[in-house]
Every structure is written in structure tokens, then in C-alpha cells.
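A look at the structure
Listed below are the residues making up each chain.
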Amino acid sequence: MPAACQALISRGEFYTAYTPYQPECSQGTLQALFEFQSMICTLTGMDVANASLYEGGTALYEAMMMAIRTTKRTKVVMDSGVNPIYRKLIRSYTHNLDFEFVETPVVHGQADRQGIARLLDDNTAVVILQNPNFFGAVDDHTDLVEKAHSAGALVIGSVYPVAL
């Protein structure tokens, strides 16, 4: 167990409820969210991070919707190495919306680079990847991110922070 855990759980401001409704009761939750977001920014090199969503699938859906709104495009390319529960959740939440979903197969345990590259076009809003993927494979997605960005698409990475 990391040494920081004992230090954090012994602090009174972290003893608050899961869903606080009063500002004076929510300080511990807000502090914990701030610490988590700061850690994620340090690990990923991102300028900002958000920790206010309930779980990974919902966060992935919200990120996808933000990418669609930002790019004003409707094609979603998703690696089938993304957790199948998350993929099902995204399809369920958007079933009645006019989006084009394309899933690419996993090749030798990792994202299908050629398949994803072939699918990138002027309508691609976002490429969704997971690292490590559902099968536990760790992959360097740098090349995929560069190709997606050069096509004007955004990339969402569902990541396991400890693996970073």
C-alpha cells in the first residue's frame, strides 16, 4: 500500500460523505477530487483533468459527446480492445442518435493501426482507445494519436492511472 494512503485517510477533511449537499460537508470530497485530478495531470502531462463522473463508461461517453460537439463531425472509430461494457454503454446511450460507429478489431492483442488509419476521414470526430486494453496489453498509441490529429479528429484514451 502506498505510503500516501495512510497519510490521506488519517486527515479529517477526507471523512465526508460520498454525495455531499452542503458546502461545509463537501470539502473533503472536493479536496480528494482536486488531489486526484492533479495526480492525473502530472501522470498524463495534460493541462486539465475531470474527476466528477460516476465511472469509466459514463466518462468515455461524455468525452465522446464532447469530441462530436467540438469537431462537428459524426463518425466514431472505437478499438474493440476498449472494455466491452463501455462499448455497450456508448452504443446504448446513443442508439437513437445519428452517429456512425465503426469498431476495429484487436490485432495481436493491440489496436489495429492500419484499420484505424484507413477509417480516418473528414467526418471522423474521434478515435477511442484504451490503455491497457481490455485484454491487459499495454500499447503506445502515439502514432495513432498523430494520425487522428492530422485528419482533424480527436482521440480519447481510457487509461488505468496506475499503468501510467
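The structure this text deals with has already been given above.
So, a few notes on the structure that sits alongside this text. (Residues numbered from 1 in each chain as written. Predicted model: local features only at pLDDT ≥ 70, side-chain atom pairs only at ≥ 80, totals over all residues. Heavy atoms only, no water.)

So, the pairing of strand 5 (residues 124-131)
It is a general feature of regular strands that their side chains alternate between the two faces of the sheet. So the rule is basically this: Throughout this description, buried means an accessible area under 20% of the type-specific maximum (1.4 Å probe, protein chains only), exposed means over 50%, and partly exposed covers the range between. Helical segments are the DSSP runs of H or I of at least four residues, strand segments are the runs of E of at least two, and each set is numbered from the N terminus. For two strands to be treated as a pair, DSSP must find at least two bridges joining them. Handedness of a crossover: with both strands directed away from the viewer, a clockwise path from the first strand across the helix to the second marks it as right-handed.
With 8 of 8 residues buried, strand 5 lies mostly within the body of the structure. In this structure, strand 1 (residues 75-79) lies alongside strand 5, joined through 4 bridges in parallel fashion. Bridged to K75 within strand 5 is T124. Examined bridge by bridge, strand 5 and strand 6 (residues 154-159) share 6 bridges and lie parallel to one another. In the sheet register, L129 faces strand 6, and the bridge partner there is G157. In this view, the connection linking strand 5 to its parallel neighbour strand 6 by way of helix 6 (residues 142-150) has right-handed handedness.

A closer look at the environment of L144
Which entries qualify depends on this criterion: For this analysis, residues touch if any pair of their heavy atoms sits within 4.5 Å.
For L144, the location among the structural elements is in helix 6. For L144, a relative accessible area of 2% gives the class buried. Residues L144 and G81 lie 63 residues apart in sequence; the distance between their C-alpha atoms is 14 Å. In contact with L144, not counting residues within four places along its chain, are A111, R113, I116 and L129.

Details of the side chain of K75
Definition in use: Here a polar contact means two N or O atoms within 3.5 Å. Within protein one must be a hydrogen donor candidate and the other an acceptor candidate, and residues neighboring in sequence count only if both atoms are side-chain atoms.
Position of K75 relative to the elements: it lies in strand 1. A polar contact is formed between the side chain of K75 and the backbone oxygen of L119, at a distance of 2.6 Å. Contact partners of K75, with chain neighbours within four places excluded, come to E100, V102, L119, D121, N123, T124, A125 and V126.

Regarding the pairing of strand 1
Most of strand 1 is tucked away, with 5 of its 5 residues classed as buried. In strand 1, alternate side chains face the same way, and those of K75, V77 and D79 on one face and V76 and M78 on the other are all buried. Direction of pairing for strand 1 relative to strand 2 (residues 100-104): parallel, over a ladder of 5 bridges. In the sheet register, M78 faces strand 2, and the bridge partner there is E103. In this fold, the crossover linking strand 1 to strand 2 by way of helix 4 (residues 84-93) has right-handed handedness.

Comments concerning the sheet that holds strand 6
Condition: Only C-alpha atoms enter the line fits that serve as axes; for helices the fit covers just the stretch in contact. Angles between N-to-C directions range over 0 to 180 degrees.
Ordered by their spatial adjacency, 4 strands build an open sheet running 2-1-5-6, and the pairing between neighbours is parallel. The sheet is open, and its two edges are formed by strand 2 and strand 6, each paired on a single side. Each strand axis lies, on average, 20° off the axis of its neighbour in the sheet, ignoring direction. Its contacts with the sheet place helix 4 against strand 1, strand 2, strand 5 and strand 6, and it is angled at close to 165° to strand 2. Seen against the sheet, helix 6 touches strand 5 and strand 6 and runs at an angle of roughly 150° to strand 6.

Structural notes on helix 4
Applied cut-off: In this context, the arc is that of the directions from the helix axis out to the C-beta atoms.
Taken as a whole, helix 4 has its buried residues at Y86, R87, L89 and I90. Angularly, the buried residues of helix 4 cover 160° about the axis, an arc narrow enough to put them on a single face. Opposite the buried face of helix 4, at more than 90 degrees from it, the exposed residues are I85 and K88. Where helix 4 is buried, its residues meet helix 3 (56-71), strand 1, strand 2, strand 5 and strand 6. Between the side-chain oxygen at the start of helix 4 and the backbone nitrogen of I85 there is a gap of 2.8 Å, and the oxygen is on N83.

Observations regarding unusual backbone geometry
P132 follows N131 through a cis peptide bond whose omega is -10°. Residue position: P132 is located in the loop between strand 5 and helix 6. Positioned with a positive phi, K72 is a non-glycine residue whose angle comes to about 60°. Counting through the fold element by element, K72 comes out in the loop between helix 3 and strand 1.

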